[in-house]
Structures are given as C-alpha cells and as structure tokens.
Amino acid sequence: KNRKKMGKGKSHDPKDGKRKEKAKMHLKRNIGYVDGVSFIIGSIVGAGIFVSPTGVLKHSLLNIGVALTIWTASGLVSLMGSLCYAELGTALPFSGGEYSHIKRGLGSLPAFVFIWTSTFTKPASNAARALLFAEYATQPFYGICPAPEVLKKCLALAVLWSLGILNGCSVKMAAWVQTVFTLLKMMALSVIAIGGIVLVGGRKESLARFEDAFSSEIPNASQIAEAFFQGLYAYGGWWSLNYMAEEMKNPSRNIPLTVMTAVPAVIVFYLLVNISYLTVLTPKEIVSSVAVAVTWADRVIPSVAWIIPLSVAVSIFGALNSSMFTLGRLSYAGSQSGHLPVLISMLNVHSCTPAPAMIFSTTIASIFIIPSDLITLTNYFGFSAWLMIGLTCASLIVLRYREPHLHRPYKVFLPVPFVMVAMSSFLVLAPIVWSPNLQYVYAFLFMLGSLIVYLPFIHFKLHFAFLDKITCHLQLLLEVSPADESTESKCE
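The structure displayed is predicted, hence computed values, not measured ones.

A.B. asks: Which residues make up the nonpolar core, and what values go with them?
C.D. replies: When a protein is soluble and globular, its nonpolar side chains tend to lie buried together. F50, W238 and W386 are the most contacted members of the largest nonpolar core, which has 126 residues in total. Broken down by element, this core gets its largest block of residues, 14 residues, from helix α6 (residues 64–91). Residues within four places of F50 in sequence aside, it is in contact with V45, K185, A188, L189, I192, Y277, A291, V292, A293, S311, V312 and S315.

A.B. asks: A description of the environment of F325 should follow, citing residues and the corresponding values.
C.D. replies: Turning to its location among the elements, F325 is positioned in helix α16 (residues 307–336). Excluding anything up to four places from it in sequence, F325 contacts I31, F39, N167, V171, A174, M244 and E247.

A.B. asks: For the pattern of salt bridges, give the residues involved together with the corresponding values.
C.D. replies: Close approach of charged atoms lets side chains of opposite charge pair. Applying the stated criterion across every chain yields a total of 8 salt bridges. With a shortest N-O distance of 3.0 Å, K152 and E149 are connected by a salt bridge. Of the two residues, K152 and E149 both sit in helix α9 (residues 149–169), 3 residues apart, roughly one turn of that helix. According to the relative accessible area criterion, E149 is partly exposed, its value standing at 44%. Between E247 and R329 there is a salt bridge whose closest N-O contact spans 2.8 Å. Remark: R329 occurs in helix α16 and E247 occurs in the loop between α12 (221–234) and α13 (251–280); sequence separation between them is 82 residues. By relative accessible area, E247 is classed as buried at 1%. Among the charged side chains, a salt-bridge network with shared partners connects E87, R400 and R408.

A.B. asks: Account for the side chain of S331, naming residues and giving values.
C.D. replies: With respect to the helices and strands, S331 occurs in helix α16. The class for S331 is buried, based on a relative accessible area of 4%. Among all residues touching S331, those that are not within four sequence positions of it are L340, I344, A357, F360 and S361.

Cut-offs and rules
- Residues numbered from 1 in each chain as written.
- Predicted model: local features only at pLDDT ≥ 70, side-chain atom pairs only at ≥ 80, totals over all residues.
- Heavy atoms only, no water.
- Core = buried A, V, L, I, M, F, W, Y, C linked by side-chain atoms within 4.5 Å.
- Buried < 20%, exposed > 50% of the residue type's maximum accessible area, 1.4 Å probe, protein only.
- Helix = DSSP H or I, 4+ residues; strand = E, 2+ residues; numbered from the N terminus.
- Contact = heavy atoms within 4.5 Å.
- Salt bridge = Lys/Arg side-chain N within 4 Å of Asp/Glu carboxyl O.

Okay, structure coming up:
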C-alpha cells in the first residue's frame, strides 16, 4: 500500500535491489588472507610441539638425522594434502570442507559417514584440548600438587562455552582472537628457535651432535613408519581452511596463497624448534621429559621459565578456537544437505553466524568432558582423520574425470592426489596390521552404525511432525532464520 502511494517510479529504485541483497541471509565473506594464515597455523600448532615432540625421536631410535628428516617429510606430505584441498576449496568454495567435497565427488552416503564420524570425534578432540588447557592454566597455582579434577573440568567447560559463544556471535571477533593468539604462540616458538640458534654457535658439543646426526642406529621400516605417523599427527589441522571457504574473501586467490604461506612456515618453525631442543638437551633427555619446552626453559631461561607453560596454554587456546570455528561450519554444511536437523543450518538474524551449529557442536564437546579420559578421547581421531583425507583426495580425482569443465582457479599436479590416497590408505591400514586392537573393530562398527540412521531418515526421508514444532520454538528463541537458497550459487 505504501508503495502505491509513493508512485510506480520509486518501486524501481536500484537502491531497493541493494537493500534486498543486503537483507539476504547467508554467511558473509569476512575472512581475509591474514585471517586464513592465522587459522591454518593456529590449527596445526597446538600443545604437541611444546609438550612432547618425543614420538618422532623415540621411534627414530634417537637418531637425530632420521628424526629431522621425518619432520621435514611429514611437513611436505601435509603440504601436498593442503594443495589438493586448495583445488577443491577454490573450485567448490562451500562451508563444510571435506564433507562438501566428498558429497560432490563420492555421493551422499560416504558424506554422511564422514559427518556421522566427525560429529563425535571432532568434539572429543576439542574436549581433550579444553582439558589440556585447564591442566596448564591451573598448574602455576598448585605447583607440584595436582589441581582438583572438578576445577579442571569446570575451567574446560568455561573455555569451551566462551569460545562457542564468541564464534556464534561474531566471525570478525573470532578471526581477531585467532590472529592474536597465533601471533603469541609464534612469538613463543621464535624464542625457543632463536635461543637454540644462539646456543649452537657457542657449544662445541651441540655442533658435534649435529655433525654425527646419522651416526647412531638406523630404525627399520616399521619404526620409520611409526615415527612418520607421529610427525603427521603433529601437522594435523592443515585441512582447516576449506571449512571456511564460503567466508573467504576472494577464495580463488586467497586459498592457495594462504596454504602456500602457512604450511611451509610451520615446517620451518618445527625444524628450528626441534633443532633448538636438540641443542640444549640430549636425545635421551628429550624422550624422558614430560614437557620438553619446560625442560628447555629451565636450562636456558630459568628466571622466566614460567613463560613456557603460559605459552602452552595460549597455544592450546588458539588451536581450540580454530577447531571450534571449523566444526561449527561442518555441522552447518551437513544440516544444509539434510544430514543433520534443519535448525543447525540456520543463521542468526543479527550476526549471520551459524549460532545453532556452534551450540550443537559445543554441547557434544561438553558431554565428552565428563569422563575426561584424554587417551579415550583422542586415540580414535587419527584413524578417522586419515580415512576421510583419503576419501577427499579420491573425490578430487573423481571430479577431475567426471567434471572436467568445472572451473578450477587452481589445479594441483594430478599425481599428488594419487600419492595422498596411497598415503592415507597406508596410515589407516598400518596400525591395524602391525598392532591389531579391538578398538579398530569398534571404530568400524561405529561407522557402520551410520547406516541405521541414514536409511530411514536420509534415504527414505522418515519425518516426525512434532519436530517441526520444536524447531519453530527454538528458531524463535535463538532468533535464527534459514540461510538464503542462493548462497551456494553466489560462491561459485
């Protein structure tokens, strides 16, 4: 009625079209190059490089040369994988990372198995990080005495929900926090790396140690493989950028550029830090140390050694923020495809963030904190992660042949995804063959359990009417709305 009173001419005002475009509900492109680099580095660099880089050295039979070679090779494999993901991210820049690519390349069922597995394993990994953060954050207040378990669990829950709320309220603020904490952890690694370089020049025994790097016993094939597995685990998180491809500014340019900056930077820092550890400590001391960086600090900077436990807590916090951000996007993408409840695919009407997805993933992670058994929470993650990496790289190969005319701003050298598929198969099967464990049977049965949900609810589309009423009430409570249907077309 108002438009009629105003006259026909004003109804064609081009500003109206702009207002409608702004009013559409979809994820905003708020993540730039620097933010992307921060997210990748923040995802890869957690507590491991500070606490226990002993796995590689131990399985290398304390051979320094072999250990450093494996650290380099693990980084190069991670770089190859990230370049495969860069092609998929630029060609199909949608939220959901591997899930979206597996669905496009291999179909709905493998994608559902992925999200079924990830919905439980990734929150479990976040719960483990939160508990580890609580361990290091409370340690200075209790000295040699252990902190109460209730306190650590409460602090872990508080950190989880603080980051969940932050990521659910503002993408820009979450990206800013990620950048700040990534800078802080890189400063801490720089202190260790530079300290080692300075000491190398002044210690003859340190130089002699590196001159005879390959002089000790050479490990056999199975030991090298185990060391390699440990090294690859330390680089875990290089796949995180594809989860935010829909929110990247100029993804065709920034995704490959970000990957080629962040992963090589981590490789260089990991090598320098390991060299620094080996400069100050003997291989036997490193393997026997509970927290290598703390032992290093006690030797090199005893007056300010407290800075290292603080750095570990900061590093874990940054890695947790990045992991929660990506997990929220995975849940959001799965819901958009109908593999999770529809409410999870909705966006907050004020901030255009996937708030329900963040609440969903944070709630599951909170449940995992209750038992607080870190080994149980994390020992399944590596198995499932490399299986899904293999499926994702296989999707790239399938799409190359099935959709040759798909616009690919960046194309990886085709043998690289074949190498990654072979590497993933090896890393999935090797632990099962070398050390058979009932855990792998449970893992396989857990994945098959996804069929119990997939067949009735996804394939046959079984639906309960009362769920619509619950969704409606929650939608009003959370102030969320379905994402605009044209979101995917805007990203192509």
